[in-house]
Amino acid sequence: MSAGPPKIRIRGLVKSFGEKKVLDGIDLDIMQGTSLVVIGGSGSGKSVLVKCILNLLTPDAGTIEIDGENVLALPPRARRAVYAKVGMLFQNGALFDSLPVWENVAFGLLARHRVTRGEARLRAGEILAQVGLGPEVSRLFPAELSGGMQKRVALARAIAARPEMLFFDEPTTGLDPILGAVIDGLIVDCVKRLGSTALAITHDMSSAQHIGDEAAMLFEGRIVWRGPATSLLASGNPVVDQFTHGRREGPIKMELCGGM
Amino acid sequence: MTSLAAALAGIGRPVLTLCRTAGRVALFAVSGLSHLIRPPFHLRMFLRALVEMAYFSLPVVALTAIFTGMVLALQSYTGFARFSAQGAVASVVVLSVTRELGPVLAGLMVAGRVGAAMAAEIGTMRVTDQIDALATLSTDPMKYLVAPRLLGGILALPMLVVVADILGVLGGFIVSTTSLGFNPAAYLHSTFTYLETIDVVSGLVKAAVFGFLIALMGCYNGYMTRGGAEGVGAATTAAVVSASILILAFDYVLTGLFFSQ
């Protein structure tokens, strides 16, 4: 961990869709080399938060500083340079269906580093090995892979360019508990090996405790609690307690159809 | 007064929506075209789009063209027989095919085949986060997905129309010489006597415009897809319908530009 300035610093982040304010003044710091897990219910704005940080959505207000620079105020070329240091694992993998596995993994290398296709293919094989996939997989297409293998390929693609920052959107959703633990282990290994700063969003408590150094709870558009990931199940915060223990009664009111 | 305001609002709302959509499509087109002149260029994606639009559309365009030429010869022969003007069949076939039917029918066929596929592919990429993934991999989706398809459309349709022109005339020739009793040499002489360069060139220019419109509507509707499978289906339908209408509208405009005195 580092005691220097935060790698990512977010202040007053606001994002609305029509009348619905999804993010309502988020303040968040992520220190260099640490892993932060943001938890929250479905529709609480976790994915919106990550998409705002990654410049996939434009916030209505607030600042997002990466390495001390407000990326929202940067010209496009400088902004692209900042985001070249980022890797992202999407919830459903988001692998390119029309490309074989090796080309998916090497896509960022080909786009950013101008390596030849031969070099990229070799490098893709090495990275696939790091996530436990053999060379026979590299020629397959994403549709030919199981869910767990797709997740591994997506992780390989995210780490291929050795990014300084890694983002994970629900990395274990849709996987069985054993495979989920395997993916969590791979994520921790990759983050440690690369020395990256990581932000993961999840509602899987086991995954959150495994991946994160710290955890934060997003509720009603704001961060309502932040603490060590190991203390998630005993946070003392009523919102976090209700969420982590899956209680029906508490400050989180679920909107059910039919007014139930 | 209230009912009048409601009626006016009922007219105004769709007009405003139409204007807003037209503006978005125009900005999308400008953005896509601007990437054609700014590196990096995705040659592989361009070649893929060209092969998909030109090569794989060849059978459907060829069959459409040859049958259209055949029908045109039969119809014009029976129609002109009333005025003893059967000798004009060859020139009617060649002018109709090169000026109008070649580009328009090829455009409509490709809109149905390729425009729909483009919207479905890009729409699926949108709803499965693949377009966002491109952005996180230092790749501008407009440059990677849209610009190569626009250029592919602009170049593919004229190639198809050259084939459609030849096969359309051939269809008319086959019917005229085998069923209608025309002398082959006289038919060909009549065909080339009345054909001028502008007839072919205007058809090729129309084809380039139609190819651009097909790719534009396919890409735009795919790119703007929201929701899941239903959204992709709606985008596919919208791509084909909007491209078909634009082809017919621009056909009128371009015909006016080329041939009005």
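To be clear, the structure that these remarks concern was listed above.
Residues numbered from 1 in each chain as written. Chains lettered and ligands numbered in written order. Predicted model: local features only at pLDDT ≥ 70, side-chain atom pairs only at ≥ 80, totals over all residues. Heavy atoms only, no water.

### Here's the deal with the overall build of chain A
(1) Moving on: Broken down by element type, chain A carries 8 helices and 10 strands.
(2) Moving on: Computed over the C-alpha atoms, the radius of gyration of chain A is 19 Å, within 12% of the 18 Å expected from 2.2 N^0.38 for a compact globule of 260 residues.
(3) Moving on: Its C-alpha atoms give chain A principal-axis dimensions of roughly 55 × 45 × 40 Å.
(4) Moving on: A burial count over chain A gives 50% of its 260 residues as buried.
(5) Moving on: Sequence-distant contacts in chain A: of pairs separated by 6 or more residues, those separated by 24 or more amount to 64%.
(6) Moving on: Total accessible area on chain A is roughly 11,900 Å²; 54% of this is exposed by carbon and sulfur atoms.
(7) Moving on: Put simply, chain A has 29 plus and 27 minus side-chain charges, and the middle of one group is 4 Å from the middle of the other. (Helix = DSSP H or I, 4+ residues; strand = E, 2+ residues; numbered from the N terminus. Rg over C-alpha atoms; globule rule 2.2 N^0.38 Å. Buried < 20%, exposed > 50% of the residue type's maximum accessible area, 1.4 Å probe, protein only. Contact = heavy atoms within 4.5 Å. Areas by Shrake-Rupley, 256 points an atom, 1.4 Å probe, with all protein chains shown as cover. Lys, Arg positive; Asp, Glu negative; His and termini not counted. Charge placed at Lys NZ, Arg CZ, Asp CG, Glu CD.)

### Side note on the nonpolar core
One broad trend across soluble globular proteins is that nonpolar side chains are buried collectively.
(1) Moving on: Judged by nonpolar contacts, the single largest core of 85 residues is most densely connected at A:I10, A:L23, A:L49, A:F167 and B:L157.
(2) Moving on: When neighbours within four sequence positions are excluded, A:L23 is seen to be in contact with A:L13, A:V14, A:K15, A:G45, A:V48, A:L49, A:C52, A:L218 and A:G221.
(3) Moving on: Among the nonpolar cores identified, the runner-up in size contains 48 residues, and A:V137, A:L155, A:I159 and A:A215 belong to it. (Core = buried A, V, L, I, M, F, W, Y, C linked by side-chain atoms within 4.5 Å.)

### Some details on the packing of helix α1 (residues 2–34) of chain B against helix α8 (residues 197–223) of chain B
All names here are of chain B.
(1) Moving on: As a packed pair, α1 and α8 sit with axes 10 Å apart at the nearest point and diverge in direction by 110°. Looking at the two axes, α1 sits roughly perpendicular to α8. Packed against α1, whose contacting residues are T21, R24, V25, F28, A29 and L33, the element α8 presents F212, L216, M217, C219, Y220 and Y223 at the interface.
(2) Moving on: Here the contact of α1 with α8 is built from residues that sort into 10 nonpolar, 1 polar and 1 charged. (Axes fitted to C-alpha atoms, helices over the stretch in contact; angles between N-to-C directions. Parallel < 35°, antiparallel > 145°, perpendicular 65-115°, else oblique. Nonpolar A, V, L, I, M, F, W, Y, C, P; charged D, E, K, R; others polar.)

### Some thoughts on the pattern of salt bridges
All names here are of chain A.
(1) Moving on: Counting across every chain of the model gives 19 salt bridges over all chains.
(2) Moving on: Of the charged contacts in the structure, one is a salt bridge between R226 and E214, with a shortest N-O distance of 2.9 Å. Taken together, the positions of R226 in strand β10 (residues 222–228) and E214 in strand β9 (residues 214–219) put the pair 12 residues apart, joining distant regions of the chain.
(3) Moving on: The partly exposed category is assigned to E214, whose relative accessible area is 27%.
(4) Moving on: When salt bridges that share partners are traced, they join K7, D67, K85 and E164 into one network. (Salt bridge = Lys/Arg side-chain N within 4 Å of Asp/Glu carboxyl O.)

### Things to note about the packing of aromatic side chains
(1) Moving on: Evaluated as defined, the whole model comprises 9 aromatic pairs over all chains.
(2) Moving on: Between B:F28 and B:Y220 the ring centres are 5.4 Å apart and the planes differ by 80°, which places this aromatic pair in the edge-to-face class. One end of the pair, B:F28, is in helix α1; the other, B:Y220, is in helix α8, with 192 residues separating them in the sequence. With respect to burial, B:F28 and B:Y220 carry one shared label: buried.
(3) Moving on: Judged by centre distance (5.2 Å) and plane angle (75°), the ring pair of B:Y55 and B:F56 falls under edge-to-face.
(4) Moving on: Directly above the aromatic system of A:F17 lies the positively charged group of A:K15, at a separation of 5.3 Å from the ring centroid. (Phe/Tyr/Trp six-rings, centres within 6.5 Å; stacked < 30°, edge-to-face > 60°. Lys NZ or Arg CZ within 6 Å of the ring centre and 35° of its normal.)

### Details of the packing of helix α6 (residues 141–178) of chain B against α8(B)
Residue and element names in this part refer to chain B.
(1) Moving on: Two numbers describe how α6 lies on α8: the axes approach to 7 Å, and their chain directions differ by 145°. For the crossing formed where α6 meets α8, the hand is right-handed.
(2) Moving on: Partitioned by chemical class, the residues of the contact of α6 with α8 number 20 nonpolar, 3 polar and 2 charged. (Left-handed = near helix turned anticlockwise from the far one by under 90°.)

### Details of the pairing of strand β4 (residues 61–66) of chain A
Residue and element names in this part refer to chain A.
(1) Moving on: Where strand β1 (residues 8–17) lies against β4, 5 bridges are found, and the strand directions are antiparallel. Each bridged residue has a counterpart across the sheet, and for R11 the counterpart in β4 is T63.
(2) Moving on: The pairing of β4 with strand β5 (residues 69–70) spans 2 bridges and is classified as antiparallel. Residue pairing in the sheet places I66 in a bridge with E69 of β5.
(3) Moving on: In textbook terms, the turn of a hairpin is the stretch between consecutive antiparallel strands, and for β4 and β5 this stretch comprises 2 residues, one of which, D67, has a positive phi near 55°. (Pairing = 2+ DSSP bridges.)

### Structural notes on unusual backbone geometry
(1) Moving on: Here the amide bond leading from B:P39 into B:P40 is cis, since omega sits at 0°, within 30 degrees of zero.
(2) Moving on: Structurally, B:P40 is set in the loop between α1 and α2 (43–55).
(3) Moving on: Phi at A:N55 is positive, roughly 70°, even though this residue is not glycine.
(4) Moving on: Its place among the elements puts A:N55 in the loop between α1 (46–53) and β4.
(5) Moving on: Given a relative accessible area of 29%, A:N55 falls into the partly exposed group.
(6) Moving on: Even without glycine at this site, A:A94 takes up a positive phi of about 50°.
(7) Moving on: Note that A:A94 resides in the loop between β6 (86–89) and α3 (101–112).

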